[in-house]
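Residue-level structure breakdown
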Amino acid sequence: NAGVTQTPKFRILKIGQSMTLQCAQDMNHNYMYWYRQDPGMGLKLIYYSVGAGITDKGEVPNGYNVSRSTTEDFPLRLELAAPSQTSVYFCASRPGQGRENQPQHFGDGTRLSIL
Amino acid sequence: QQPVQSPQAVILREGEDAVINCSSSKALYSVHWYRQKHGEAPVFLMILLKGGEQKGHEKISASFNEKKQQSSLYLTASQLSYSGTYFCGTEMPGGYQKVTFGIGTKLQVIP
């Protein structure tokens, strides 16, 4: 089992460029999440999804978009990258309703720098 | 609603005990505790689902006071491997399992 896989692990972008951070899980989890973590800070929820075709905003959604066409994949899109989006991005998944005692499983993160 | 953690940082000598607190201004459904080492992903420690529930393994345990809307993480007889940043995550009733994290408590254990 690979768990939660994030790609790429590192990326440098120029201001104004766009990119997609990939996240895939092989645990058949219904719920998936995107967080960003700035240096020395906690995890801020960007978007989350409770199933294919269903997404919702978290605490800091501005500048990002998501889609969930399959249970396995939950890509995060950055449009017009800005220096304020320099951060480490973590994707996580969780089984779903009825299994509330199960934790989130985190990917290894994508370290993104925007210059 | 981001939970509030305290203290923000603590330094311990090996063998000493520590308590990390997590509180919320809203009613909670569950509290999650994670530890993160520098440059790594958060690692799950435990979930507390019911008010008054206590959980633990080895020398790390936690309690959840539903009435006070707070949780505490207890580390006893600390080891060097306990160093890292501890995060609590809180989940509201009916919140689609949306977990919101505090800013973390940085714990350093020294010999």
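Our structure's up above, just so we're on the same page.
First, a word on what this report is: a plain description of the structure on this page. Fair warning: this is a prediction, and the values are worked out from it, not measured in the lab.

Considerations on the overall build of chain A
Scanning chain A from terminus to terminus reveals zero helices and 11 strands. When the elements of chain A are put in sequence order from the N terminus, they spell out β-β-β-β-β-β-β-β-β-β-β. Radius of gyration (C-alpha) of chain A: 13 Å, near the 13 Å computed for a compact globule of 115 residues. Projecting the C-alpha coordinates of chain A onto the three principal axes gives extents of approximately 45 × 25 × 25 Å.

Examining the sheet that holds strand S3 (residues 19-25) of chain A
Residues and elements named next belong to chain A. The four strands lie next to each other as S1-S3-S8-S7, forming an open sheet whose pairing is antiparallel. Either end of the sheet is taken by a strand with one partner, and the two such strands are strand S1 (4-7) and strand S7 (64-66). On average, each strand axis in the sheet is inclined to that of its neighbour by 20°, with strand direction left out of account. Pairing of S1 with S3, which is carried by four bridges, proceeds in the antiparallel orientation. Within the sheet, the bridge partner assigned to Thr7 lies in S3 and is Gln22.

Examining the state of the cysteines
Taken as a whole and judged by the stated rule, the model has two disulfides over all chains. Across the disulfide from Cys23 of chain A sits Cys91 of chain A; the S-S distance is 1.9 Å. Taking the sign of the S-S torsion, -70° for the link of Cys23 of chain A and Cys91 of chain A, the bridge is left-handed. Separated by 68 residues along the polypeptide, Cys23 of chain A in strand S3 and Cys91 of chain A in strand S9 (residues 87-94) bring together distant segments of the chain. The same class applies to Cys23 of chain A and to Cys91 of chain A, which are both buried. Disulfide pairing places Cys22 of chain B opposite Cys88 of chain B at an S-S distance of 2.0 Å. Handedness here is read from the sign of the S-S torsion; for Cys22 of chain B and Cys88 of chain B, about 70°, the answer is right-handed. Of this pair, Cys22 of chain B sits in strand S3 (residues 18-23) while Cys88 of chain B is found in strand S9 (residues 84-91), placing the two residues 66 residues apart along the sequence. Each member of the pair, Cys22 of chain B as well as Cys88 of chain B, carries the same accessibility label: buried.

So, the nonpolar core
Of all hydrophobic cores here, the largest spans 20 residues; its most connected members are Trp33, Met46, Leu73, Leu75, Tyr82, Tyr86 and Leu107 of chain B. Elements with a contribution of two residues or more to this core: S3, strand S4 (30-36), strand S5 (43-48), strand S7 (60-65), strand S8 (70-75), S9 and strand S11 (105-110) of chain B. Judged by nonpolar contacts, the second largest core, of 19 residues, contains Leu21, Phe74, Leu76 and Cys91 of chain A.

Criteria and cut-off values
- Residues numbered from 1 in each chain as written.
- Chains lettered and ligands numbered in written order.
- Predicted model: local features only at pLDDT ≥ 70, side-chain atom pairs only at ≥ 80, totals over all residues.
- Heavy atoms only, no water.
- Helix = DSSP H or I, 4+ residues; strand = E, 2+ residues; numbered from the N terminus.
- Rg over C-alpha atoms; globule rule 2.2 N^0.38 Å.
- Pairing = 2+ DSSP bridges.
- Axes fitted to C-alpha atoms, helices over the stretch in contact; angles between N-to-C directions.
- Disulfide = S-S within 2.5 Å.
- Buried < 20%, exposed > 50% of the residue type's maximum accessible area, 1.4 Å probe, protein only.
- Core = buried A, V, L, I, M, F, W, Y, C linked by side-chain atoms within 4.5 Å.

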